Amino acid sequence: MSLLVRDPFVDGRPLSIYVEGGRIAALGEDRPADRVIDARGLHAFPSLANGHTHAAMVLFRGSGDDLPLMAWLTEKIWPVERHLTEDIVYRAARLAILEMIRGGTTYFMDMYWHRDGVARAVKEMGVRAHLSEVFIDMGDPARARAQRERTQARLADADRFGPRVRTALGPHAIYTVSDESLQWIGEMSRRHGLIVHTHLSETREEVEACRARTGTTPARHLERLGLVSERLVAAHGVWLSDEEIVLLAGAGATVVTNPVSNLKLAVGGIFPYREARRAGLRVALGTDGAGSNNNLDLFEEMKFAALLAKHRTGDPTCLPAREAFALATTAAAGAFGLGSGRIETGAPADLMLVDLSAPETTPLNDPVGALVYAAHASCVHTTICDGEVLMENRRLSVADEDEIIAAARDATRELFARAGGSA
Ligand SMILES: [Zn+2]
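Below you will find a few notes about this structure. A quick note: this is a predicted structure, and the numbers were derived from the prediction, not measured.

Here the focus is the packing of aromatic side chains. For the structure on display, the rule yields 4 aromatic pairs. Judged by centre distance (5.9 Å) and plane angle (70°), the rings of Phe60 and Phe416 are edge-to-face. Of this pair, Phe60 sits in the loop between strand S8 (48–53) and helix H1 (69–81) while Phe416 sits in helix H15 (residues 401–418); the two residues are 356 residues apart in sequence, bridging distant segments of the chain. The two residues Phe60 and Phe416 agree in class, both being buried. Above the face of the Tyr90 ring, Arg120 is positioned so that its terminal group lies 4.0 Å from the ring centre.

What follows is about the pairing of strand S17 (residues 351–354). Both faces of S17 are covered, namely the face carrying Leu351 and Leu353 and the face carrying Met352 and Val354. Across 4 bridges, the pairing between strand S7 (residues 43–46) and S17 is antiparallel. Across the sheet, His43 pairs through a bridge with Val354, a residue of S17. Two strands pair when backbone bridges link them, and S17 and strand S18 (residues 380–385) are joined in this way by 4 bridges, in the antiparallel orientation. In the strand pairing of S18, Leu353 is matched with Thr382.

Okay, the packing of helix H2 (residues 86–102) against H15 next. Relative orientation of the contacting elements H2 and H15 amounts to 140°, with a least axis distance of 8 Å. With respect to each other, H2 and H15 are oriented oblique. Between H2 and H15 lies a crossing of left-handed hand. Contact residues: Ile88, Arg91, Arg94, Leu95, Leu98 and Arg102 in H2; Glu401, Glu403, Ile404, Ile405, Ala407, Ala408, Asp410, Ala411, Glu414, Leu415 and Arg418 in H15. Here the residues of the contact of H2 with H15 sort into 9 nonpolar, no polar and 8 charged.

Scoring rules and cut-offs
- Residues numbered from 1 in each chain as written.
- Predicted model: local features only at pLDDT ≥ 70, side-chain atom pairs only at ≥ 80, totals over all residues.
- Heavy atoms only, no water.
- Phe/Tyr/Trp six-rings, centres within 6.5 Å; stacked < 30°, edge-to-face > 60°.
- Helix = DSSP H or I, 4+ residues; strand = E, 2+ residues; numbered from the N terminus.
- Buried < 20%, exposed > 50% of the residue type's maximum accessible area, 1.4 Å probe, protein only.
- Lys NZ or Arg CZ within 6 Å of the ring centre and 35° of its normal.
- Pairing = 2+ DSSP bridges.
- Axes fitted to C-alpha atoms, helices over the stretch in contact; angles between N-to-C directions.
- Parallel < 35°, antiparallel > 145°, perpendicular 65-115°, else oblique.
- Left-handed = near helix turned anticlockwise from the far one by under 90°.
- Contact = heavy atoms within 4.5 Å.
- Nonpolar A, V, L, I, M, F, W, Y, C, P; charged D, E, K, R; others polar.

Remember that the coordinates give geometry; whether it matters functionally is a separate question.
Structure follows, in structure tokens:
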């Protein structure tokens, strides 16, 4: 299957993109192709990567708004999540992926229950993802055993969802997973070369509790347990100290900042972007779950990340638009081994075509500045992943949007009915 994207603007000049075998095979040549998209007047960019989310949590959108993190988790989320089924998660993940595709996102790093439900949705809708079954044992040896068995079972059949689905390990956090299990996860990561996707240093309380229990900081604690490496993807990092940032940077780890979720849950701090950048720490961008966001729009995240970094430092030159865009594209591609994030011959054809003729992006002085500071997900016209057109002219090619939305509504009703309450 070949694809010609005819004459979109690339870095300000019209340039045709010819795609074959899922990769950009030629630039600036109008070769005959199985499918042609007339992209004149549109702007082509690498598509976006969501570095931290819980896709199926779209079902919790608007449920438990305006609560602190621990109250939200213990009162609103965990009691209901016990009633999830694989099919409910599947229907929820389809809704999340629909929203992502409509916002130019073709990759996400996920952590959730019932991985197979998410994996089916990813395969069906054609995006890419690293999926991890969330691991929580709360120090209970029986729970730890069951979770280890489940993790091993997931690893054993990781390939059955096709090449766009990859497996990661998903210990929830240092306060929900025992030290023994974290050590075991570190060993699994080393042995199988797997990414470890966890939450780290999200709230001040987490840092204080860690210091009280272990005598050290969260990142140092993870390092002692053998989890700090280039395979570590740590979400949040709001309260990381300078010493922890240097430690994580030195190991080649990635921290994913989720500015909107952090603001909504009022975690009290702002991710220390300037310090991270100085230390050479790899930083990517995420939305977190829709329960704490409440959408999966990476355009909002780019803007919030940039504004917060400026506000925190009192320096408007901190985290400029190009760097904010890179967090969701090139930096993510490097961190997650995607190879995308660039419009170059040989790169994976993970692309979005954006219409920057909308009122909010007119006049167009700087396309990247417009993307970061003015555009919304709704400006995305066409989304392409692995050379496959997932959406063209805002119409989904790979599934029926109305059916997905209706099925997700049903899944929400079913879940809350099972849990004996209402959303
Ligand atoms: Zn999260």
